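Structural description and commentary
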Amino acid sequence: MNYIRISLLMLIFLLSMLPVCAASPLGSGNTINADMAKSKYKPVVSADHSNYSEETGLYTLTGNVCIQCQDFTITADTAKVNANTLQVWADGHAVITEGELRFTGDVLYTEITESTAWFFGTRCGVERPGLVIHGDNMRYNWQTHIVVFDGHVLWMQKGKNHTASHLEFDLDKNDIVR
């Protein structure tokens, strides 16, 4: 009976370690976290599965993708990452969380070294308590805290709704850029 319990506990432990091990492909000579740690930004990456392509130099991540860097976190269903240029292409519930700010889109492309992310799809938006802005596409710079929306933009703040085809919003000033 104790043998079954110990075997079951070992199986649970091994299964819980699977996502950690999956982010470091064996045999390729490359591990995403070791490659990402070479940059000054030192992002930490996790995913259920990871593959490295020597031809493209890209890591393909699938399942519960999480990239933590500086003061923000990127999550998505899948992503491709260039560990040398720190470019990230993510899709499927792509989200950047920065403090109370939550940026969402179907697809995102970011250059971490340029402090900028571009969101595309039908659900691009930023939300925080008291503020909701959605548009057809959006660009966010986390150094300037300015977010730019294009397309069908809906802006809800202080109980009022506004629409526009283009909106630049300063998140620090909590107002449109004038």
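Further up the page is the structure itself.
Rules and cut-offs
- Once a new chain begins, its residue numbering starts again from 1 and follows that chain's sequence as written.
- In keeping with the predicted nature of the model, local features appear solely for residues at pLDDT of at least 70, side-chain atom pairs appear and are counted solely at 80 or more, and the whole-chain, interface and lining totals rest on all residues.
- Derived side-chain values reflect all non-hydrogen atoms in the structure, with water molecules and hydrogen atoms excluded from consideration.
- Each nonpolar core is a collection of buried residues, namely Ala, Val, Leu, Ile, Met, Phe, Trp, Tyr and Cys, held together in the definition by side-chain atoms within 4.5 Å.
- Three exposure classes are used, based on accessible area relative to the maximum for each residue type with a 1.4 Å probe and protein chains only: buried under 20%, partly exposed in between, and exposed over 50%.
- Numbering goes from the N terminus for both helices and strands, where a helix is a DSSP run of H or I of at least four residues and a strand is a run of E of at least two.
- Residue contacts follow a heavy-atom distance rule, with two residues in contact if any of their heavy atoms lie within 4.5 Å.
- For two strands to be treated as a pair, DSSP must find no fewer than two bridges joining them.
- Working definition: a ring pair exists when centres of Phe, Tyr or Trp rings (six-membered ring for Trp) sit within 6.5 Å. Plane angles under 30 degrees give stacked, over 60 give edge-to-face, the rest tilted.
- In the analysis that follows, any N or O atom pair within 3.5 Å is treated as a polar contact, provided that within protein one partner can donate a hydrogen and the other can accept it, and provided that, for residues neighboring in sequence, both atoms belong to side chains.

Considerations on the nonpolar core
If you look at the biggest cluster of nonpolar residues, it comprises 40 residues, and the most contacted ones within it are Leu61, Ile96, Phe103, Ile133 and Val147. Of all the secondary structure elements, the ones that give two or more residues to this core are strand S3 (58–69), strand S4 (72–82), strand S5 (87–98), strand S6 (101–111), strand S7 (116–128), strand S8 (131–141), strand S9 (146–157) and strand S10 (160–170). In contact with isoleucine 96, other than residues within four places in its own chain, are Phe72, Thr73, Ile74, Leu101, Arg102, Phe103, Leu108, Ala117, Phe119 and Trp142.

Let's talk about the pairing of S7
Inspection of the sheet shows S6 paired to S7 by 8 bridges, in the antiparallel sense. Considered in S7, the bridge of valine 107 is made with phenylalanine 120. Between S6 and S7, which pair antiparallel in sequence order, lie 4 residues; one of them, serine 115, sits at a positive phi of approximately 60°. Bridge count for S7 against S8 is 10 bridges, and the pairing is antiparallel. The partner of phenylalanine 120 across the bridge, within S8, is asparagine 137. Taking the residues between adjacent antiparallel strands as the criterion, S7 and S8 are bridged by 2 residues, where glycine 130 takes a positive phi near 85°.

Examining the pairing of S4
Every regular strand shows the same layout, with side chains that alternate between the two sheet faces. Inspection of the sheet shows S3 paired to S4 by 10 bridges, in the antiparallel sense. Bridge pairing links leucine 58 to asparagine 82 in S4. Turn length for the S3-S4 hairpin, with the two strands adjacent in sequence and antiparallel, is 2 residues, and the turn residue glutamine 70 shows positive phi of about 50°. Pairing of S4 with S5 involves 8 bridges; the strand directions are antiparallel. Considered in S5, the bridge of lysine 80 is made with tryptophan 89.

Considering the packing of aromatic side chains
Centre-to-centre distance and the angle between the planes together describe a pair of aromatic rings. Applying the stated rule across the entire model yields 7 aromatic pairs. Ring plane angle 40° and centroid distance 4.4 Å describe the contact between phenylalanine 72 and tryptophan 142, whose orientation is recorded as tilted. Taken together, the residues span a long stretch of sequence, with phenylalanine 72 in strand S4 and tryptophan 142 in the loop between S8 and S9 at a distance of 70 residues. As far as the burial class goes, phenylalanine 72 and tryptophan 142 line up, both buried. With a centroid separation of 6.4 Å and an interplanar angle of 50°, the aromatic rings of tyrosine 140 and tryptophan 142 are classed as tilted.

Considering the environment of glycine 135
Relative to the elements of secondary structure, glycine 135 occurs in strand S8. A relative accessible area of 7% means that glycine 135 is categorised as buried. The spatial distance from the C-alpha of glycine 135 to the C-alpha of arginine 123 is 7.3 Å, given a sequence separation of 12 residues. Residues contacting glycine 135, with those up to four places away along its chain left out, are Cys124, Phe149, Asp150, His152 and Val153.

As for the side chain of histidine 145
Inspection of the secondary structure assignment puts histidine 145 in the loop between S8 and S9. Among the residues examined, histidine 145 registers a relative accessible area of 19% and is labelled buried. Among the polar contacts listed, one links the side chain of histidine 145 to the backbone oxygen of tryptophan 142, at a separation of 3.4 Å. If near-sequence neighbours (up to four positions away) are discounted, histidine 145 is found in contact with Glu98, Tyr140, Phe169, Asp170, Leu171 and Asp172.

Spatial relationships are all this shows, so hold off on functional conclusions.
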